[in-house]
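Examination of the molecular architecture
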Amino acid sequence: MCTVSHKKSSLTIEMPGFFTTIQDAGRKGFQQFGMPVAGVMDYESYILGQALVGNDTEEGALECTMLPPTIKVEAPCIVAFTGADMAPSINGIIVPRYIPFACQEGDIISGSYTQCGMRMYISFSGGIDVPSINGSVSTHTKAHIGGLEGRALVKGDTLFLKNTVSKPVEILSCAYMYHHQDLYNLVLRNRGGQYIERTYRVVLGPQADGFTTKGIKTLCTSPYILTPNSDRMGFRLEGAKIEHKESADIISDGAVFGSIQVPSDGQPIILMADRQTTGGYTKIGTVITRDLVRLSQATIGQSIQFEIITVEESQRIYREYRAKLDEQIKVAKQQSPYVFTCM
């Protein structure tokens, strides 16, 4: 066993990837003041990455969309890749997701265009050190706040990591990993993009009474396509028109992650991580928390099919899901002292 610590490790962005931002769990508790939550799109992948690198709190990580950045490591650190499969690599060697790796000064972290899923997370021991706004470092590019200057990363950016306390870890080679599957995290390794084409379960409300019976039936019987106009703020879908009883407009009320707005054209919009704090369109329902993980990994052109369930069913599903996620986090924390190297 040895100890790993670093003081102000830094990373240089040699290529920024398609759209890479600094995110954490978001700035919660400020929507009433008009402050968007932002934060990661796929919380499950993010929090498992945090556990794998030994972070006890929700620290800043990189959310990579479609194509990850190329990063030069300027000082030793521990890194883990979770979420979508973008064939992450260290010094040109493709490494598995969902286990921690030790990087040394001069190492190059990179990857390729996504093979499965839409968003990969790169977590670092200590977390990315940028100013916190309302208790979060999450980037909201439309509001130009959080992260690094409120924007996506660009070539030449330098990121610093927070200081870490020395922790005992065991450094293992990749060759050891492939011959000792007990340490290779089979419980976690294949996540990111799985089961995307299953139905997405929805609880009706809060304005479901503003739609005709036909409109509600359309929601759960007609497939929709995720359009190129989708982003972190909202997923715009295209398909059969959802029929309102009267107007699509309401007095603006709160917007939550997964709310399905239906404007006057009858085409649903699913509100995502960067959603506005309130919305003035009728909301026919909300995608349940369990299925937001899969939804966040859906790709453009993906078919989206909804299924209506009851509040009681959604609560049961959430309890089961949360218990399973807590168990996975526990496994990831148990993995964190066993750090691999490609040398």
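Everything discussed here concerns the structure shown above.
A brief report on the enclosed structure follows. (Residues numbered from 1 in each chain as written. Predicted model: local features only at pLDDT ≥ 70, side-chain atom pairs only at ≥ 80, totals over all residues. Heavy atoms only, no water.)

On to the overall build of the chain, then. A tally of regular secondary structure across the chain gives five helices and 24 strands. Taken over 343 residues, the chain has a buried fraction of 55%. Entry remark: accessible area of the chain is about 14,700 Å², with carbon and sulfur atoms responsible for 54%. (Helix = DSSP H or I, 4+ residues; strand = E, 2+ residues; numbered from the N terminus. Buried < 20%, exposed > 50% of the residue type's maximum accessible area, 1.4 Å probe, protein only. Areas by Shrake-Rupley, 256 points an atom, 1.4 Å probe, with all protein chains shown as cover.)

Let's shift gears to the environment of proline 263. Tracing the backbone shows proline 263 in the loop between β18 (259-261) and β19 (269-271). Look at proline 263 and you get buried, because its relative accessible area is 9%. Not counting the four nearest positions on each side in its chain, proline 263 is found in contact with His244, Ala248, Ile269 and Tyr281. (Contact = heavy atoms within 4.5 Å.)

Take a nonpolar patch on the surface next. Side chains of Phe18, Leu67 and Tyr113 sit close together on the surface and give an oily, nonpolar patch of about 340 Å² of accessible area. With respect to the secondary-structure elements, tyrosine 113 resides in the loop between β10 (108-110) and β11 (116-124). Exposure remark for tyrosine 113: the relative accessible area of 51% places this residue in the exposed category. (Patch = residues over 30% accessible without salt bridge, like charges linked within 9 Å, V, L, I, M, F, W, Y side chains within 5 Å. Salt bridge = Lys/Arg side-chain N within 4 Å of Asp/Glu carboxyl O.)

The six strands are arranged β8-β7-β10-β5-β2-β12 in an open sheet whose pairing can be described as antiparallel. With partners counted over all chains shown, the strands left at the sheet margins are β8 (93-94) and β12 (158-160), one partner each. Direction of pairing for strand β2 (residues 10-15) relative to strand β5 (residues 70-73): antiparallel, over a ladder of four bridges. Residue pairing in the sheet places isoleucine 13 in a bridge with isoleucine 71 of β5. (Pairing = 2+ DSSP bridges.)

What the rule picks out here adds up to three aromatic pairs. Consider the rings of tyrosine 224 and phenylalanine 306, whose centres lie 6.3 Å apart with planes at 50°: the pair is tilted. Of the two residues, tyrosine 224 is situated in strand β15 (residues 224-226) and phenylalanine 306 in strand β23 (residues 306-309); the sequence distance between them amounts to 82 residues. Here tyrosine 224 falls in the buried class, since its relative accessible area comes to 0%. With relative accessibility at 1%, the residue phenylalanine 306 sits in the buried group. One Lys or Arg, arginine 294, reaches over the ring of tyrosine 200 and ends 4.5 Å from the middle of that ring. (Phe/Tyr/Trp six-rings, centres within 6.5 Å; stacked < 30°, edge-to-face > 60°. Lys NZ or Arg CZ within 6 Å of the ring centre and 35° of its normal.)

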